[in-house]
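What follows is each chain in one-letter form.
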Amino acid sequence: MADQNCTALEEIVIGCPRNSGGVSEIIVGDMEDVGTVTADDATWALTAFTVTLAPISINVKRRQSDFTEEETNDLDNGSVKVMRTINATLPRREAIKSRSLKIMGDGQRYLYVLAKDLNGIWWYLPYAQLLTVGGGSGRQREDGSRYDIVFESQDSQLAYEIPASFVEAALAVI
């Protein structure tokens, strides 16, 4: 007889598809513009997602961006915290990029990030904040110049998958 009323354990299989790391696309919007978010805990995917204002794209190059999640279970009080970090490197420093990054960080606003990994899966990363904007100009011509930006968020669970059709619909909002 079980002494806890928990969901039954589920099998985890490795699977056959190839696996690729990295993020190929990053889309960002204000959390206050999110209209509907509905998640299915059985499939760990969003079943509804709407926004009132279209998000913006942050154009990134392959092998220049990633996100990580670390779930910590506090065994003493039973709480769970997921720390999420989204890193992106933007090539070539320019005034317009500096201005856009400044606006993104104004007021320590809460943002949602939609990140497409190199396996072709979109992830919904809510309540992110622009934490740092770094980078600079390299010492040599081939070093180039860049921005290194970091978003951070806290959540109570790992990120949900979001269907590409929801991402496309959000980008199409006028």
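Structure's up top.
The structure contained in this document is the topic of the report that follows.

**Quick look at the layout of surface pockets**
Any space left empty among the atoms is revealed by the rolling of a water-sized probe across them.
In step 1: Computed from the structure, the largest pocket encloses a volume of approximately 490 Å³.
In step 2: Forming the boundary of the largest pocket are 23 residues, of which I56, S57, I58, S100 and M104 lie nearest the centre.
In step 3: Elements with a minimum of two residues in the lining of the largest pocket: β1 (23-30), β4 (56-58), β6 (80-91) and α1 (95-105).
In step 4: In terms of residue count, α1 provides more of the lining of the largest pocket than any other element does, six residues in total.

**A look at the side chain of S153**
In step 1: With respect to the helices and strands, S153 occurs in strand β9 (residues 145-155).
In step 2: Apart from residues lying up to four places away in sequence, S153 is in contact with V82, M83, R84, P126, Y127 and A128.

**Some remarks on the pattern of salt bridges**
In step 1: Inspection of the entire model under this criterion finds eight salt bridges.
In step 2: Between E69 and R84 there is a salt bridge, with the nearest N and O atoms lying 2.8 Å from each other. On the criterion of sequence distance, the pair formed by E69 in strand β5 (residues 65-73) and R84 in strand β6 is long-range, its members being 15 residues apart.
In step 3: Classification of E69 by relative accessible area gives partly exposed; the value is 28%.
In step 4: Exposure remark for R84: the relative accessible area of 0% places this residue in the buried category.
In step 5: Among the salt bridges present, the one from R92 reaches E94, with a minimum N-O distance of 3.6 Å.
In step 6: The class for R92 is exposed, based on a relative accessible area of 56%.

**Comments concerning the pairing of strand β2 (residues 34-40)**
In step 1: Where β2 lies against strand β3 (residues 45-51), six bridges are found, and the strand directions are antiparallel. Each residue of the ladder has a partner; that of T36, found in β3, is T50.
In step 2: Hairpin connection, β2 to β3: the antiparallel pair is bridged by four residues, and W44 has positive phi, about 55°.

**Let's talk about the nonpolar core**
In step 1: Judged by nonpolar contacts, the single largest core of 22 residues is most densely connected at I26, V28, I58, I86, L125, I149 and F151.
In step 2: Those elements that provide at least two residues to this core are β1, β6, α1, β7 (111-117), β8 (122-137) and β9.
In step 3: Considering every element that reaches this core, the biggest residue donor is β8, with four residues.
In step 4: The contact partners of L125, leaving out residues within four places of it in the chain, are F67, R84, I86, L111, Y112, V113, A115 and A159.
In step 5: If you look at the next biggest cluster of nonpolar residues, it comprises 15 residues, including M31, L46, V51 and W122.

**Overview of the environment of N73**
In step 1: Among the structural elements, N73 can be located in strand β5.
In step 2: Overall, the relative accessible area of 43% leaves N73 in the partly exposed class.
In step 3: Sequence separation between N73 and S156 is 83 residues, and the spatial gap between their C-alpha atoms is 9.9 Å.
In step 4: In this structure N73 touches S79 and V80, once residues within four positions along its chain are discounted.

**Comments concerning helix α2 (residues 164-171)**
In step 1: Buried within α2 we find F166, V167 and A170. For α2, the arc enclosing every buried residue in end-on projection is 100°, short of the 170-degree limit, so these residues lie on one face.
In step 2: Of the surrounding secondary structure, the elements contacted by the buried residues of α2 are β1, β3, β7 and β8.

Definitions and limits used
- Residues numbered from 1 in each chain as written.
- Predicted model: local features only at pLDDT ≥ 70, side-chain atom pairs only at ≥ 80, totals over all residues.
- Heavy atoms only, no water.
- 1 Å grid on protein atoms, 1.4 Å probe; cavity = no way out; pocket = protein on both sides within 12 Å on 5 of 7 lines; lining within 4 Å.
- Points joined across faces, edges and corners; volume = space filled by probe spheres on them.
- Helix = DSSP H or I, 4+ residues; strand = E, 2+ residues; numbered from the N terminus.
- Contact = heavy atoms within 4.5 Å.
- Salt bridge = Lys/Arg side-chain N within 4 Å of Asp/Glu carboxyl O.
- Buried < 20%, exposed > 50% of the residue type's maximum accessible area, 1.4 Å probe, protein only.
- Pairing = 2+ DSSP bridges.
- Core = buried A, V, L, I, M, F, W, Y, C linked by side-chain atoms within 4.5 Å.
- Arc of directions from axis to C-beta.

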